[in-house]
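# Descriptive analysis of the structure
The primary structure of each chain is shown beneath.
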Amino acid sequence: MTINILYFGMLAEISQQAKESLSGKENMTVRDLKQQLCEKYPEMCERKFKVAVNQQIGDDTTIIPLSAEIALLPPFAGG
Amino acid sequence: MDKLHKPRKVFVSGAISPQFVADSIAKHQSKVDIGAHAIFLGQIRADEKTEGFVTGIEYSAYEEMAEQTFHEIREDAFSKFDLICMHIYHSIGVVPTGEISLFVFVSSAHRRTAFEASEYIVEQIKTKVPIFGKELIGPAGEYIWKENK
């Protein structure tokens, strides 16, 4: 399945793009996706970030549904 | 009416002007059940880094999620505190040092509710809303990604 990923802040700098589509396996978890991203962008693994699945913060066990919008969120700095 | 709690636009391009804050206060003069306003203003500090002084912050956000999160924070605060009015504005884009990037404005019948709600809302914004900031340093375009403590 296709996973649509949005990158923000320093993570967009590492991936050198604001968004991209990757192919992933069905029922993959956030942990699986992180592993896939670490292989593609080793520098990303060294960064702290949260993963939003359809605009909800997920944890490592969150299953990524079909056509989900994934966002990689570096530490928040609002205020 | 504020009690319908409609989602509101929070993001403002660039700094929030003192005039905007003043106008917001003035708009509440007709609401005579209000006895207390609490206002929190976040201002950009000229922190000193090893590369030099911070000259401003460039904010970006996952805007759709951020607007939704602001809405949830508003709903949550209305349910926790006996508020008459609540307004939240946050900058997007560049805000120079000394200028305002966050404006939280709550109104209630009595002071304690307003004090407590404003603190609660600001803390929620700091930890839950996906807003990112580049601290801009010096004239050469250097920057550091900011992280809320």
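### Regarding the overall build of chain A
Assigned secondary structure in chain A consists of three helices and five strands. For chain A, the sequential pattern of α-helices and β-strands runs β-α-β-α-α-β-β-β. Computed over the C-alpha atoms, the radius of gyration of chain A is 12 Å, within 12% of the 12 Å expected from 2.2 N^0.38 for a compact globule of 79 residues. Taking the principal axes of the C-alpha coordinates as reference, chain A spans close to 35 × 25 × 20 Å. Across the 79 residues that make up chain A, the buried fraction comes to 32%. Considering only contacts within chain A whose residues lie at least 6 apart along the sequence, 55% involve residues at least 24 apart.

### A closer look at the nonpolar core
Counting 56 residues, the largest nonpolar core has A:Phe8, A:Ile70, A:Ala71, A:Leu72, B:Val106, B:Ile121 and B:Ile131 as its most contacted members. No other element matches strand β5 (residues 83–96) of chain B, which puts seven residues into this core. Excluding residues that lie within four positions of it along the chain, B:Val106 makes contacts with B:Ala38, B:Leu83, B:Cys85, B:Met86, B:Ala114, B:Ala117, B:Ser118 and B:Ile121.

### Topic: the interface of chain B and chain A
Across the boundary between the two partners, chain B contributes 21 residues, which contact 14 residues of chain A. Within the residue set of the side of chain B that touches chain A, elements represented by two or more residues are α2 (63–80), α3 (111–128) and β7 (131–137) of chain B. At four residues, α3(B) tops the list of elements feeding residues into the side of chain B that touches chain A.

Rules used throughout
Residues numbered from 1 in each chain as written. Chains lettered and ligands numbered in written order. Predicted model: local features only at pLDDT ≥ 70, side-chain atom pairs only at ≥ 80, totals over all residues. Helix = DSSP H or I, 4+ residues; strand = E, 2+ residues; numbered from the N terminus. Rg over C-alpha atoms; globule rule 2.2 N^0.38 Å. Buried ≥ 20, exposed ≤ 12 C-beta atoms within 10 Å, placed from the backbone. Contact = placed C-beta atoms within 7 Å. Core = buried A, V, L, I, M, F, W, Y, C linked by C-beta atoms within 7 Å.

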